[in-house]
Amino acid sequence: MTEVVAFADEYWRFYRESYQLWNIDRGDVEQIENWDDLSPAGVATRVERLASFAHRAVALAETGPNERDGGLLAAIEFSAGATAALLPYERDLSLVAGPFNFVAFIEVLVPGYSLVTRPHGQGYIDKLRAMPAFIDGWMEGLRQSAASGTVTSARGISSTISALDRLLSSEVNDDPLTSQAPPIEASAAEVAAWRTEVGDAVRDACRPALGSLRTMMHDELLPIGRSDHNAGVCYLPNGDQDYASLLWASTSTDLTPENVHQIGLHQLALLDDQYRRLGVAAVGIADPCELRERLRVDPALRYSTSGEIVTDAMASLARAEAEVTKWFERLPRSRCNAVAVAAGPLAFYTGPSLDGTRSGTFFYNTADPTSWTRYQLEVTTFHEAVPGHHLQLALAQEADLHPVVGELEVTSYSEGWGLYAERLADEMGLYSSPLQRIGMLTLDSLRAARLVVDTGIHAMGWTRQHAIDFLLAHTASAQEVAESETDRYIAQPGQATSYMIGRLEIQRMRDEAANRLGSHFSITDFHGVVLGSGMTPLRQLGRNVDSWIANQLSA
């Protein structure tokens, strides 16, 4: 074992032990009973440790490691720095009022473990009983931040309070936390006893703690929450410097807010030209503004039943799985499931569990079928499942990669790949009609507009309404989607910029490789290089691609 691998092992242990909300997303049953420490002391200690890891990674990189170890050190340096920048804002903003706020965790992810053994089942009960201590520490951190002027939007706080009210008004037996499947190894009698203990823990521990959280949010945070007119990070103490760090953490580049803003405007102009070319074949309209308005308001372009959504999502996934072998030399052993849910974001993906008991899963929310347009389900499936996140995450997990690069997310890489996959699906011939190709453009428009709106809100002081108006003018988003997207950007500063910046960089690398290699360029080899090193900051990914090109040229 090299010194670098030992160091990576140390960082991996620290990350797993300290970032339990991430472990919930992973379905990690080994630490099922644990929660994050979001108290002021807990967050300060983690940030200090992360800074130390980043510093040590830089020092080790100066010793001239081999290519693989160098990539590992680059990943640790970025992960530690990005996590340190994001952690306080995740605690104070996104966990309070983001699309995956704490209520969404409870409704979708916490009861989603694959429990096998009886100790797993006991760990789940212990987790529920430990929720009050977690919430107490989190509220202590929120109070400290609020006292120094850092608080999320009043609108977001109010929305989460409403979600807590709905949760707390339900019967305990209907609580999402009681829906967790029991351990596979448990007997019928043990399952019955286990369910009783789960219900008792929800009633006696979780619900009182959530009630305290609700009271604290209503009485202490809501009165001082930021208004729709000063929703950006730039209005917070040290906001300009913090946003620059958050933008770096999201894009893994040194692009300034002004750079990102202008890239977004340029991409929107290019997309208007594509709307003109595809609009007539799709719906008989060439003018981009008129076309987007038709897409926005035509009720015939929206689903009416959840059954239709399920059928179309499954068909799209099957079509992608049949074609993908021509574009990728290596495919994951784990199949991708597509599962309809009634809570959480409109669509998201979770990777396979480490023990192989849970496949990679594309979740799509069918609670309100009309929230899905008929032209965006296919492109979303390709982004979240195949050839998108499932290939990227499942392959990384199955490869001989250190878990630091196999599992620790670099948002610009992962979401950049997801957006690249949407365009790749067009090359693969996966879209079933011109209307579905227009759907690809509409999501591109949203990701380009995010570059403008996110920087507009957080660096330039835009109001919430200014951001909504911009989205309505430049995307096909419905009014309610433009509003929810804007609220997402307010709660997760910088994150939304990762998609388009990552996609443009991956496409730039592909174009450069094709130009330099000419007839020797192989798309399957290129995809193998991009996916073969795991979660990689964009700068390191560029080095990997350059090294591959050089090797090809010298062969």
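Student: Even after reading the chapter, I still don't get the overall build of the protein chain, so can you show me in this structure?
Tutor: Counting secondary structure elements, the protein chain contains 22 helices and three strands. In terms of C-alpha radius of gyration, the protein chain reaches 23 Å, essentially the compact-globule figure of 24 Å for 555 residues. Taken along the three principal axes of its C-alpha coordinates, the protein chain extends 65 × 60 × 55 Å. Across the 555 residues in the protein chain, those meeting the buried criterion constitute 57%. Excluding contacts between residues fewer than 6 apart, the proportion of contacts in the protein chain whose partners are at least 24 apart in sequence is 77%. Working note: accessible area of the protein chain is about 21,500 Å², and carbon and sulfur atoms make up 51% of it.

Student: When you look at the packing of helix α4 (residues 67–97) against helix α9 (residues 239–251) in this model, what are you seeing that I'm missing?
Tutor: Helix packing for two helices is described by the angle between their axes and how far apart those axes are. Where α4 contacts α9, the two axes come as close as 9 Å, and the packing angle between them is 130 degrees. The orientation of α4 with respect to α9, classified from their angle, is oblique. By crossing handedness, the relation of α4 to α9 is classed as left-handed. In this structure, α4 uses F78, G81, A82, A85, L86 and Y89 to contact α9, whose residues at the interface are D242, S245, L246, W248 and A249. The class makeup of the residues in the contact of α4 with α9 is eight nonpolar, two polar and one charged.

Student: Please explain the packing of helix α13 (residues 377–384) against helix α16 (residues 411–427) as it appears in this structure.
Tutor: Running from N to C, α13 and α16 point in directions that differ by 130 degrees, and their axes come no closer than 8 Å. In terms of orientation, α13 lies oblique with respect to α16. Crossing handedness for the pair α13 and α16: right-handed. Facing V379, F382 and H383 of α13, the residues of α16 in contact are E415, G418, L419, A421, E422 and A425. Classifying every residue of the contact of α13 with α16 by side-chain character gives five nonpolar, two polar and two charged.

Student: Help me understand unusual backbone geometry, please; the structure alone is not making it clear to me.
Tutor: A negative phi angle is the norm for most residues apart from glycine, just as the trans form is the norm for most peptide bonds. For the bond running from V386 to P387, omega is 10 degrees, close enough to zero to count as cis. Take P387: it is sitting in the loop between α13 and α14 (389–398). Despite not being glycine, N238 has its phi angle at roughly 60 degrees, a positive value. Locating N238 in the fold gives a position in the loop between α8 (188–221) and α9.

Student: Looking at this model, I keep getting lost on empty space enclosed by the protein. Mind explaining?
Tutor: Over the atoms rolls a probe the size of a water molecule, and its path tells where empty space is left. Going through the model one piece at a time under the given rule, you end up with five cavities of 30 Å³ or more. The calculated volume of the largest cavity comes to roughly 50 Å³. Considering the residues around the largest cavity, the lining is formed by D92, V96, L142, S145, T150, V151, T152, I157 and L221. Mapped onto the lining of the largest cavity, the elements with two or more residues apiece are α4 and α6 (118–147). Across the lining of the largest cavity, the residue classes tally to five nonpolar, three polar and one charged.

Student: How should I be thinking about the pattern of salt bridges in this particular structure?
Tutor: Note on pairing: side chains with opposite charge can pair once their charged atoms come close. Under the defined criterion, the tally for this structure stands at 34 salt bridges. Note that K326 and E323 form a salt bridge whose closest N and O atoms lie 3.3 Å from each other. Ionic contacts of the salt-bridge type, sharing partners, join the residues R16, R26, D28, E30 and E407 into one network.

Student: Is there a simple way to explain α16 in this structure?
Tutor: Three- or four-residue spacings in an α-helix give side chains the same orientation, since the helix completes a turn every 3.6 residues. With 17 residues, α16 should reach 24 Å at 1.5 Å per residue; the first-to-last C-alpha distance of 24 Å fits that figure. Immediately downstream of α16, the backbone of G429 shows phi near 75 degrees, a positive value.

Student: What is the right way to look at the sheet that holds strand β2 (residues 347–350) in this model?
Tutor: In a beta sheet, neighbouring strands are held together by backbone hydrogen bonds and run either parallel or antiparallel to one another. Pairing is mixed across the open sheet formed by three strands, whose spatial order is β1-β3-β2. Of all strands in the sheet, those bounded by a partner on one side alone are β1 (336–341) and β2. Strand-to-strand twist of the sheet, defined as the mean angle between neighbouring strand axes without regard to direction, takes the value 20 degrees. Of the strand pairs in this sheet, β2 and strand β3 (residues 360–365) are connected by four bridges, and their pairing is antiparallel. Paired with A347 across the bridge in β3 is Y364. Where α14 meets the sheet, it contacts β1, β2 and β3, and its direction lies at approximately 15 degrees from that of β2.

Student: Even after reading the chapter, I still don't get the nonpolar core, so can you show me in this structure?
Tutor: If you look at soluble globular proteins, the nonpolar side chains tend to sit buried side by side. Judged by nonpolar contacts, the single largest core of 99 residues is most densely connected at L295, F328, W417, I438, V453, F526 and W548. Other than its neighbours up to four places away in sequence, F526 contacts Y420, I506, M509, R510, A513, F521, V545 and W548. Of all hydrophobic cores here, the second largest spans 75 residues; its members include V4, I24, L73 and F363.

Student: Is there a simple way to explain the layout of surface pockets in this structure?
Tutor: Put simply, the second largest pocket is a space of about 390 Å³. If you trace the second largest pocket, you find 20 residues lining it, with E67, R68, L72, L401 and S533 closest to the centre. Among the elements of the structure, α4, α21 (523–532) and α22 (538–554) are those that each provide at least two residues to the lining of the second largest pocket. Counting residues per element, the lining of the second largest pocket draws most heavily on α4, which supplies six residues. Broken down by class, the residue content of the lining of the second largest pocket amounts to eight nonpolar, eight polar and four charged.

Student: Where do I start with the packing of aromatic side chains in this structure?
Tutor: Aromatic ring pairs are defined here through the distance separating the ring centres and the angle between the ring planes. Under the definition given, this model contains 27 aromatic pairs. Considering the side-chain rings of F382 and Y431, the 5.2 Å spacing of their centres and the 75 degrees angle between planes classify their relative orientation as edge-to-face. With F382 in helix α13 and Y431 in the loop between α16 and α17 (434–458), this pair connects stretches of sequence that are 49 residues apart. Both residues of the pair, F382 and Y431, belong to the buried class. Seen from their ring centres, W462 and F470 are 5.7 Å apart, and the 50 degrees between their planes marks the pair as tilted. For the pair formed by W462 and F470, the shared burial category is buried.

Student: Looking at this structure, I do not really get the side chain of H390. What am I missing?
Tutor: On the secondary structure map, H390 appears in helix α14. In this structure H390 comes out as buried when scored by relative accessible area, which is 2%. Apart from residues no more than four positions distant in its own chain, H390 is found in contact with P332, S334, R335, C336, Y349, G360, E384, A385 and L395.

Student: I would appreciate a short explanation of the environment of L278 in the present structure.
Tutor: With respect to the helices and strands, the residue L278 is situated in helix α10 (residues 257–283). Taking the C-alpha atoms as reference points, L278 and P434, 156 residues apart in sequence, are found 7.0 Å from one another. The contacts of L278, once residues within four sequence positions are left out, are R437, I438 and L441.

Here is what the cut-offs are and how they apply
- Residues numbered from 1 in each chain as written.
- Predicted model: local features only at pLDDT ≥ 70, side-chain atom pairs only at ≥ 80, totals over all residues.
- Heavy atoms only, no water.
- Helix = DSSP H or I, 4+ residues; strand = E, 2+ residues; numbered from the N terminus.
- Rg over C-alpha atoms; globule rule 2.2 N^0.38 Å.
- Buried < 20%, exposed > 50% of the residue type's maximum accessible area, 1.4 Å probe, protein only.
- Contact = heavy atoms within 4.5 Å.
- Areas by Shrake-Rupley, 256 points an atom, 1.4 Å probe, with all protein chains shown as cover.
- Axes fitted to C-alpha atoms, helices over the stretch in contact; angles between N-to-C directions.
- Parallel < 35°, antiparallel > 145°, perpendicular 65-115°, else oblique.
- Left-handed = near helix turned anticlockwise from the far one by under 90°.
- Nonpolar A, V, L, I, M, F, W, Y, C, P; charged D, E, K, R; others polar.
- 1 Å grid on protein atoms, 1.4 Å probe; cavity = no way out; pocket = protein on both sides within 12 Å on 5 of 7 lines; lining within 4 Å.
- Points joined across faces, edges and corners; volume = space filled by probe spheres on them.
- Salt bridge = Lys/Arg side-chain N within 4 Å of Asp/Glu carboxyl O.
- Expected span 1.5 Å × (residues − 1).
- Pairing = 2+ DSSP bridges.
- Core = buried A, V, L, I, M, F, W, Y, C linked by side-chain atoms within 4.5 Å.
- Phe/Tyr/Trp six-rings, centres within 6.5 Å; stacked < 30°, edge-to-face > 60°.

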